Amino acid sequence: MSELDDLLAVVAAWALPGAPPWPDPEPMADVGWASLVAACRVHRLEGRLVAAAGPGGIPVAPGQREEAEAAHRAAMHLAVQLELELLEVADLLEGAGVEHRVLKGPANAHLDEVDPALRCFGDIDLLVRGDDFDRAAAALVAAGCQRRFVDPRPGFTGRFGKGSAFATPHGLEVDLHRTWVMGPFGLSIDLADLWETSAPFEIAGRRLLALDAENRFLHACFHTALGDREPRWSAMRDVAGIALRPDPPIDLGVVRDRAARWRAEAVLVRGLLETWARLGLELEHPLLPWARDRRPTGRERRALDTYLDPDLGYGARSLAAVGAIPRWSDRVDFVAALVAPREGYRQGRYRSGWARLRAGLAEALRWGRRSLRRSPVR
Amino acid sequence: MPTTRAGADRRFRRRPASWRRTADGVVVGAPDGTRRIADVTGVAAVIWELLDEWRTTAELAELVGAATGADPVELAELVPEAVDTLVGSGLVDAAPGAR
């Protein structure tokens, strides 16, 4: 990790038990401080930075705290704007008869923080059922939202996809999810588990539903382990914050059981270990001994590669996803949709259908070769 | 006795809104469908936090005084003014009569 990463880790872990202290008793030079504030904006850590900056925390020179406060104020304007958008979208979906669950930012802010102002976010994420996906998308489009990417074939996302992003008329982003991630780990989640329970919270007097605490924790692990090759600081903070919450604590038995049934134990392990290592947390957690001892299976390792290997991407992940689709007829539909998508699908992504196919095949071959070279017991 | 809308014979409560604390107050999404975002600062921000239930200006002045240690004479003037501003901005509802 870079020096800036070390500082971001301290900010992200601020006020957690076992969190590392700020490394320097002297205030940073203004240039360094400006870089830190900018990085906190990128990683949605403005709330943590303001909480940490000042007496007993990060030492600041005159003007530096004000700089952090200005960044936080802007983040809070955005959070409120996004919550107003969320309320409108929730009304739209309910008008269309679509049940939904609020994911990530607003849900974590209201349910997992002592003060929602600590958790910043940059978009709205909502979970809808696969059977409702097209109806939900149509409701958003009818309200003036623009869908960023079309399905390779009609109904594809509702059956196999992660979801889709929409640009709202107010210039904000709403992501509709069917599952948490694309590819093999997204397809092996038992989605019924995400709907069976819920956690209510309120925005502007309106009751909304989020995932239960165990699923919010697992989602944060998925986001940390698979969301980006370099895990996001805000996602890692969610992992640690929910894992360490004292009252009520999450049910670790439920977490382990769901991860096992979803064939996602490797994701839980990676989410936990990355979080504890990168945030530098010194406090032990009951799941850590298990996580440290557990080795990924060959299938898990091959699947993880498609998310984490910089030479692999959509093509390899799609190929790996085939094995996670239970029914053969669905596998045929999945492959057919990706090999021969409808007109317009590749627009803005590939020069031609042939170029797209060639890129996908090259990636799939690379993934196949790497998988074969790996020993399944390594 | 103040003669403003925020007179002692009225009660006040914040309207349901999306809002957040900041270092110098609160950021509130106007609950009127306009998508206006208001920065509420100073004594008005303290009052916003206290108006999760119906309160009179006298009650507010007492609570603000306890929270901030401000001079009661000064607060007797400041609180009704701030409440007037919040009501005028559409962020706070007013109702007649004491509880």
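These numbers come from a predicted model, not from an experiment.

Colleague: Describe the overall build of chain A, naming the residues involved and giving the relevant values.
Modeller: Within chain A, the regular secondary structure consists of 18 helices and seven strands. Taking 378 residues into account, the globule formula puts the C-alpha radius of gyration at 21 Å, and chain A, at 21 Å, falls close to it. Seen through its principal axes, chain A has C-alpha atoms that stretch 60 × 50 × 45 Å. Taking all 378 residues of chain A together, 54% fall into the buried category. At a minimum sequence separation of 6, the contacts of chain A that also span at least 24 residues come to 70%. Carbon and sulfur atoms form 54% of the exposed surface of chain A, whose accessible area is close to 16500 Å². Each charge class in chain A can be summarised by its mean position, and for the 50 positive and 52 negative side chains these summaries are 9 Å apart.

Colleague: Requested: an account of the packing of helix α2 (residues 30–42) of chain A against helix α4 (residues 64–95) of chain A, with residues and values cited.
Modeller: Geometry of a packed helix pair, given as the angle between the helix axes and the separation of the axes. All names here are of chain A. The geometry of α2 relative to α4 is characterised by a closest axis approach of 10 Å and an angle of 15 degrees between their N-to-C directions. Put simply, α2 runs roughly parallel to α4. As for the relative orientation of α2 and α4, their crossing is right-handed in sense. Of the residues in α4, those in contact with D30, W33, A34, V37 and R41 of α2 are Q64, E67, A68 and A71.

Colleague: If you had to explain the pattern of salt bridges to someone new, which residues and values would you point to?
Modeller: Residues and elements named next belong to chain A. In total, this model carries 36 salt bridges over all chains according to the counting rule given. Between R101 and E99 there is a salt bridge, and its shortest N-O distance comes to 3.1 Å. Exposure remark for E99: the relative accessible area of 35% places this residue in the partly exposed category. Among the charged side chains, a salt-bridge network with shared partners connects R159, R327, D330 and D333.

Colleague: Residues and numbers for a negative patch on the surface, please.
Modeller: Residues and elements named next belong to chain B. A surface patch of negative charge is lined by D71, E74, E77 and E81. Within the secondary structure, E81 is located in helix α3 (residues 72–88). Here E81 falls in the partly exposed class, since its relative accessible area comes to 43%.

Colleague: A description of the interface of chain A and chain B should follow, citing residues and the corresponding values.
Modeller: Facing the 24 residues of chain A at the interface are 15 residues of chain B. Overall, the association of chain A and chain B removes approximately 1600 Å² of surface from exposure, summing both partners, and the carbon and sulfur fraction of that is 58%. With a shortest N-O distance of 3.3 Å, R35 of chain B and E88 of chain A are connected by a salt bridge. For the pair chain A and chain B, the number of links is eight residue pairs in polar contact (both at pLDDT 80 or more).

Colleague: Describe in detail the pairing of strand β7 (residues 206–210) of chain A, supporting the description with residues and values.
Modeller: Residue and element names in this part refer to chain A. Burial along β7 is one-sided: R206, L208 and A210 are buried, while R207 and L209, pointing the other way, are not. Pairing analysis gives five bridges linking strand β6 (residues 199–203) to β7, with the strands arranged antiparallel. Looking across to β7, one finds that I203 is bridged to R206. Count of turn residues in the β6/β7 antiparallel hairpin: two residues, of which A204 carries a positive phi of about 50 degrees.

Thresholds applied
Residues numbered from 1 in each chain as written. Chains lettered and ligands numbered in written order. Predicted model: local features only at pLDDT ≥ 70, side-chain atom pairs only at ≥ 80, totals over all residues. Heavy atoms only, no water. Helix = DSSP H or I, 4+ residues; strand = E, 2+ residues; numbered from the N terminus. Rg over C-alpha atoms; globule rule 2.2 N^0.38 Å. Buried < 20%, exposed > 50% of the residue type's maximum accessible area, 1.4 Å probe, protein only. Contact = heavy atoms within 4.5 Å. Areas by Shrake-Rupley, 256 points an atom, 1.4 Å probe, with all protein chains shown as cover. Lys, Arg positive; Asp, Glu negative; His and termini not counted. Charge placed at Lys NZ, Arg CZ, Asp CG, Glu CD. Axes fitted to C-alpha atoms, helices over the stretch in contact; angles between N-to-C directions. Parallel < 35°, antiparallel > 145°, perpendicular 65-115°, else oblique. Left-handed = near helix turned anticlockwise from the far one by under 90°. Salt bridge = Lys/Arg side-chain N within 4 Å of Asp/Glu carboxyl O. Patch = residues over 30% accessible without salt bridge, like charges linked within 9 Å, V, L, I, M, F, W, Y side chains within 5 Å. Buried area = accessible area lost by both parts, 1.4 Å probe. Polar contact = N/O pair within 3.5 Å; in protein donor to acceptor, adjacent residues only side chain to side chain. Pairing = 2+ DSSP bridges.

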